[in-house]
Amino acid sequence: YFLPMLSFIPLVLIGGPHLPNPFEAGYNNMTAPNGTVIAHYQPPRDVPTGGQWYWSLPLAIVVVFFVPSAILGSAYILKTRILAQEEEQQELEEGGGSYQRPVGVEPFLRN
């Protein structure tokens, strides 16, 4: 939409818009040059499933609100856990872990 807007602004400034009136006869002409109608669209009068509505309001609310929230929440939790694990791994590799054994205390496991 941005590029057509950029081309439309100079046209309006230089010469004004020359747009056809949509209320004129023949604006949305669907006839062949010989005058026969090519297509005539008649919208259906009932719901596509034969008059019975095919979704419920609670289902629509769940789909619209809770599914995106669940996806984004799961992605956020997963991201924070992965970042926490990476930071912990990096601290262990650097040797400056957050836990340091007090001096003079023997480890519990012996050979």
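Here the structure is shown first, and the text comes after it.
Keep in mind the model is a prediction, meaning the values are calculated, not measured. (Residues numbered from 1 in each chain as written. Predicted model: local features only at pLDDT ≥ 70, side-chain atom pairs only at ≥ 80, totals over all residues. Heavy atoms only, no water.)

## Regarding the overall build of the protein chain
Helices and strands together make up the secondary structure of the protein chain, namely two helices and zero strands. For the protein chain, with 111 residues in total, the buried portion stands at 2%. Roughly 11200 Å² of accessible area belongs to the protein chain as shown, and the carbon and sulfur atoms make up 64% of that amount. (Helix = DSSP H or I, 4+ residues; strand = E, 2+ residues; numbered from the N terminus. Buried < 20%, exposed > 50% of the residue type's maximum accessible area, 1.4 Å probe, protein only. Areas by Shrake-Rupley, 256 points an atom, 1.4 Å probe, with all protein chains shown as cover.)

## Some remarks on helix α1 (residues 2–14)
An ideal rise of 1.5 Å per residue puts 18 Å on 13 residues; α1 measures up with 19 Å between its terminal C-alpha atoms. Count one or two residues on from α1 and you reach Gly16, which has phi positive near 85 degrees. (Expected span 1.5 Å × (residues − 1).)

## Re a nonpolar patch on the surface
A contiguous nonpolar patch, built from Trp55, Leu57, Leu59, Ile61, Val62, Val63, Val64, Phe65, Phe66, Val67 and Ile71 and spanning about 1100 Å² of accessible area, is present on the exposed surface. Here Val63 is to be found in helix α2 (residues 57–94). Here Val63 falls in the partly exposed class, since its relative accessible area comes to 45%. (Patch = residues over 30% accessible without salt bridge, like charges linked within 9 Å, V, L, I, M, F, W, Y side chains within 5 Å. Salt bridge = Lys/Arg side-chain N within 4 Å of Asp/Glu carboxyl O.)

## Structural notes on a negative patch on the surface
On the surface, Glu86, Glu87, Glu88, Glu91, Glu93 and Glu94 cluster together to form a negatively charged patch. Its place among the elements puts Glu87 in helix α2. (Lys, Arg positive; Asp, Glu negative; His and termini not counted. Charge placed at Lys NZ, Arg CZ, Asp CG, Glu CD.)

## Let's talk about α2
Over its 38 residues, α2 extends 55 Å from the first C-alpha to the last, a length consistent with the 56 Å expected when each residue adds 1.5 Å. Along its length, α2 reaches its greatest deviation from straightness, about 35 degrees, at Phe66, and the proline Pro68 lies no more than four positions downstream. (Bend = angle between axes of the 7 residues up to and from the residue.)

Interpretation in functional terms is not warranted from these geometric data alone.
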